[in-house]
Amino acid sequence: MTHLGLAKSRDLAGSCQCGSVTYRVADEFTFAANCHCSICRRATGAAFKPLAGIEREKLCVTSGQDDIQVIDAEGWHDERCGRCGSFLFSVVRDGTFAHIAMGTIVDDPSIRPTAHIFVGSKAPWFTITDDLPQYEEHIVAEENQARGTAQAC
């Protein structure tokens, strides 16, 4: 597989459930987390969405571009397979960054989720049982608040 960015890293394959949409992404994620926000829960139908963040240019749809359904929101959008409905990734930060739904990555990424985010709105019927750190909102928001420099994420 030809690498999208630097030669040091490898590319990972990803796919929707039916295989209509495939992608490749550099194994250069900047973070991975389990997001418990109500938007991610509704988008996935699950208690949380395991996601891995990466610069958008390091993600390339390799087949099925015409099958992608874009669900727009303010300042970001989700991309799903229009045939099977699989949630593939979100494009955020004005199109510069992507949150890959880790369940759609076919290969084994080198990163693992390191925190639970937005646990302030987690499903009341779900209990987090691992030892990963938990953040009421986003990690960046809480770190900035602790330093007294709160900024929007």
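Just so you know, these numbers come straight off a predicted model, no measurement behind them.

**Description of the pairing of strand 6 (residues 68-73)**
Bridge count between strand 6 and strand 7 (residues 76-81): six bridges; the pairing is antiparallel. Along strand 7, the bridge assignment pairs A73 with W76. Connecting strand 6 to the next strand, strand 7, in antiparallel fashion are two residues, including G75 with a positive phi near 85 degrees.

**Let's talk about the environment of A32**
Locating A32 in the fold gives a position in strand 3 (residues 31-35). Its relative accessible area of 2% is what places A32 among the buried residues. Sequence separation of A32 and P50 is 18 residues, and the distance between their C-alpha atoms is 7.2 Å. Among all residues touching A32, those that are not within four sequence positions of it are L51, A52, M102, I111, R112, P113, T114 and A115.

Cut-offs applied
- Residues numbered from 1 in each chain as written.
- Predicted model: local features only at pLDDT ≥ 70, side-chain atom pairs only at ≥ 80, totals over all residues.
- Heavy atoms only, no water.
- Pairing = 2+ DSSP bridges.
- Helix = DSSP H or I, 4+ residues; strand = E, 2+ residues; numbered from the N terminus.
- Buried < 20%, exposed > 50% of the residue type's maximum accessible area, 1.4 Å probe, protein only.
- Contact = heavy atoms within 4.5 Å.

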